Amino acid sequence: DGALPAKSSITFDKGALWQPIKAPARDSRGASVECEGCSLHINGKTSGLFGPVYSSAASTGLIMATGNVGHHLRPRQDEVNTYFSRDAGRTWEEIRKGSYIYEFGDHGALMILADNMQATNEVIYSWNEGLNWTTFQFWEHHVEVENIITEPSGNSQLFILYGRRNDKGVLMQLDFATLHERRCSGINAAGAEFSDYEEWTPADDLREGSCLLGRKVTYTRRKRAVRCFNGWDFDRVESRVNCACTRSDYECDFGYQLNDKRECERVPEMPLVGLGPPADCSGSFTVSHGYRRVPGDSCSGGEAQAQLEPRLEGCPGMSRTGMLLLVAVGSLGAVLGIVTYMRRKDMGMRDPWRSAGDCGEFARGMLESLFAATGANVHRYSGLSTNVDMDDDFGLGDDDDEAQVLSESLHEYALGVLPDPGPSSAIPPPTPTPTPPPDLLS
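Now for a quick tour of the structure. Residue indices follow the written sequence of each chain, beginning from 1 at its first position. In keeping with the predicted nature of the model, local features appear solely for residues at pLDDT of at least 70, side-chain atom pairs appear and are counted solely at 80 or more, and the whole-chain, interface and lining totals rest on all residues. Note that water and hydrogens are dropped before the side-chain values are worked out from all heavy atoms of the structure.

## Comments concerning the overall build of the protein chain
Counting from the N terminus, the helices are DSSP H or I runs at least four residues long and the strands are E runs at least two residues long. Counting secondary structure elements, the protein chain contains 5 helices and 23 strands. Think of it in three bands: residues with accessible area under 20% of the maximum for their type are buried, residues over 50% are exposed, and the middle band is partly exposed, with areas taken using a 1.4 Å probe on protein chains only. For the protein chain, the proportion of its 442 residues judged to be buried stands at 34%. Considering only contacts within the protein chain whose residues lie at least 6 apart along the sequence, 53% involve residues at least 24 apart. Here the open area of atoms and residues is found with the Shrake-Rupley method and a 1.4 Å probe, where only the protein chains shown may cover a residue. Accessible area of the protein chain: about 28000 Å², with a carbon and sulfur share of 54%. In this description, contact between two residues means that some pair of their heavy atoms is separated by no more than 4.5 Å.

The following block contains the structure:
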């Protein structure tokens, strides 16, 4: 029909890098798979009648799919087989010839398949992830199986098979809890010889330091060869540790593409975006080095982070925050000036704006009056001076009481209260009170 052949690729970093899916070395009958330059191509949900690629959140690392080994995906039924991966798609193995529909149960400990290309009355199941299969006849009549489902969490051993027979719907319940497999044990000693569990890291042998998306995640899961069930209340243990950033934690930024050296370089025909401040720059902007962090990556530190992360620079000119602060300060000064002018005018002064010093002195007096009215104590401190003649420079002398009286006079002057001139206006100096000597005889 003129359509291009479909090919399958896989990514382990959310699309930053893609690679072909590694084909299994042998088929389900043990024969060697001979195909130079071939890879595995799998069917998706739009592939029609063939089983689509499928996994479950409760079945960590387990994937089932249908497809074929070759140079591209083949639509022929006699070339389609069923495949299984237990390491999140890094390696695959063929488990059955032909197309099957499938489901996981008991946190991945139980796998069940049924032929979906022809009517059948049997299902096949495995307790050891495909190492051994057992056939089970669920009815005496054949059914065209459409799907097998279980409850959404994938923790149950109860399945529902549905399909059609003679144009009528068929619904079958399959309960594998009656097989009485033993309960798995040793979850707290995963990896020990006596334990039924092992530790598994998804990026094992895939990235330096077994890191993937900037972190090393270790899961506890059931060993493949044991025959036991996890149970509904099984709680999977996992640990997460962030890794130092490397090149694999980054992808090409917008406007950049990979070159032959797998480095990100700018696309020639792309506009110069990200190389300077935007027209509506506010506060700061980023300058790209051609790379960006893969979405969801949690790496921290490392040389790559300093070299590849976009750098942050401030916008040229005054920022919006600085402009708002300037306007606020200016508005406050204008309000204070107007209030000062109106108050001095109400007090009968001919020239309220006689000098800037008068305005400043009046504003300071207003603040002191405000603090006095509210009962607040205002304390003013100044640094000690080594110049013993500093008071004399201002004509205040050495008497602190005289300085206090003079300060009160200046304050009254700033308020427009002029003292009555005359001899009586002179302020006599305070008379010291003599202190009698102590009685040494008492």
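## Regarding the pattern of salt bridges
Where charged atoms of side chains with opposite charge meet at close range, the side chains can pair. The term salt bridge refers to a pairing of a side-chain nitrogen on Lys or Arg with a carboxyl oxygen on Asp or Glu at a separation within 4 Å. Tallying each qualifying case throughout the model produces 15 salt bridges. A salt bridge links Glu93 to Arg224; the shortest N-O distance between them is 3.0 Å. Of this pair, Glu93 sits in strand β7 (residues 93-97) while Arg224 sits in the loop between β16 (215-222) and β17 (238-242), and the two are 131 residues apart along the sequence. According to the relative accessible area criterion, Arg224 is buried, its value standing at 16%. The closest approach of N and O atoms between Arg293 and Glu309, which form a salt bridge, is 2.6 Å. Of this pair, Arg293 sits in strand β22 (residues 291-293) while Glu309 is found in the loop between α1 (303-308) and β23 (311-314), placing the two residues 16 residues apart along the sequence.

## Focus on the sheet that holds strand β11 (residues 134-137)
Strands are labelled as partners when DSSP assigns at least two bridges between them. Overall, antiparallel pairing links the 4 strands, which are arranged β8-β9-β10-β11 in an open sheet. What marks the edges here is a single partner per strand, and that holds for β8 (100-105) and β11. The average angle at which neighbouring strand axes cross in this sheet is 25°, direction not considered. With 4 bridges joining them, strand β10 (residues 122-126) and β11 adopt antiparallel strand pairing. If you follow Val123 over to β11, its bridge partner there is Phe136. To define axes, lines are fitted to C-alpha atoms, for helices over the stretch in contact only, and angles between the resulting N-to-C directions are given on a 0 to 180 degree scale.

## With respect to the sheet that holds β16
On the basis of which strands lie adjacent, the open sheet formed by 3 strands has the order β15-β16-β17 and antiparallel pairing. With one partner strand each, in any of the chains shown, β15 (197-200) and β17 form the two edges of the open sheet. Between one strand axis and the next, the sheet turns through 15° on average, direction left out of account. Bridging between β15 and β16 involves 4 bridges; their strand directions are antiparallel. Counterpart to Trp200 in the pairing with β16 is Tyr219.

## Things to note about unusual backbone geometry
With phi around 60°, His107 is a residue other than glycine that occupies positive phi space. In this fold, His107 is placed in the loop between β8 and β9 (110-115). One non-glycine residue, Glu129, lies in positive phi territory at about 55°.

## Focus on the nonpolar core
Here, the term nonpolar core denotes a set of buried Ala, Val, Leu, Ile, Met, Phe, Trp, Tyr and Cys residues that are joined through side-chain atoms within 4.5 Å. Ranked by size, the top nonpolar core spans 18 residues in total, and within it Leu161 and Leu174 carry the most contacts. If near-sequence neighbours (up to four positions away) are discounted, Leu174 is found in contact with Ile112, Val123, Phe136, Phe138, Gln157, Leu158, Phe159 and Leu161.

## Section: the environment of Gly154
Here Gly154 shows up in the loop between β12 (144-150) and β13 (158-165). Here Gly154 falls in the buried class, since its relative accessible area comes to 4%. Sequence spacing of Gly154 and Trp232 is 78 residues, and the spatial spacing of their C-alpha atoms is 9.3 Å. Ignoring sequence-local partners within four residues, the contact set of Gly154 consists of Ser56, Ala58, Gly105, Asp106 and His107.

## Side note on the side chain of Asp297
Within the secondary structure layout, Asp297 lies in the loop between β22 and α1. Only four residue types enter the charge count: Lys and Arg as positive, Asp and Glu as negative, with His and the chain ends excluded. Buried and unpaired, Asp297 has Arg293 as its nearest opposite-charge partner, separated by 4.3 Å. In this structure the side chain of Asp297 is engaged in a polar contact, spanning 2.9 Å, whose partner is the backbone nitrogen of Cys299. Setting aside anything within four residues of it in sequence, one finds Asp297 in contact with Leu213, Gly214, Arg215 and Asp249. Polar contacts, as counted here, are pairs of nitrogen or oxygen atoms within 3.5 Å of one another; within protein the pair requires one atom able to donate a hydrogen and one able to accept it, and residues that are adjacent in sequence qualify only if both atoms are side-chain atoms.

## Some points on the state of the cysteines
When two cysteine sulfur atoms lie within 2.5 Å, the pair is treated as a disulfide. A complete count under the given rule lists 5 disulfides for this structure. Each sulfur in the disulfide pair Cys245 and Cys299 lies 2.0 Å from the other. Between Cys245 and Cys299 the sulfur-sulfur dihedral comes to about 90°; the bridge is accordingly right-handed. Taken together, the residues span a long stretch of sequence, with Cys245 in the loop between β17 and β18 (250-252) and Cys299 in the loop between β22 and α1 at a distance of 54 residues. For the pair Cys245 and Cys299, one class covers both residues: buried. Here Cys252 is linked by a disulfide to Cys264, with a sulfur-sulfur distance of 2.0 Å. Sign of the S-S torsion, about -90° for the bond between Cys252 and Cys264, identifies this disulfide as left-handed. Linking Cys252 in strand β18 with Cys264 in strand β20 (residues 264-266), this pair joins segments that are 12 residues apart in sequence. Like Cys252, the residue Cys264 is buried in the burial classification.

## Considering the packing of aromatic side chains
Aromatic rings from Phe, Tyr and Trp, taking only the six-membered ring of Trp, are treated as a pair when their centres fall within 6.5 Å; an angle between ring planes under 30 degrees marks them as stacked, one over 60 as edge-to-face, and anything in between as tilted. Throughout the structure, instances matching the rule amount to 6 aromatic pairs. Aromatic side chains Tyr54 and Phe104 sit 6.0 Å apart centroid to centroid with 15° between the ring planes, which places their arrangement in the stacked category. With a gap of 50 residues between them, Tyr54 in strand β4 (residues 54-55) and Phe104 in strand β8 connect regions that are remote in the sequence. Here Tyr54 falls in the partly exposed class, since its relative accessible area comes to 27%. Classification of Phe104 as buried rests on a relative accessible area of 0%.

By themselves, these are just geometric observations and shouldn't be taken as functional.
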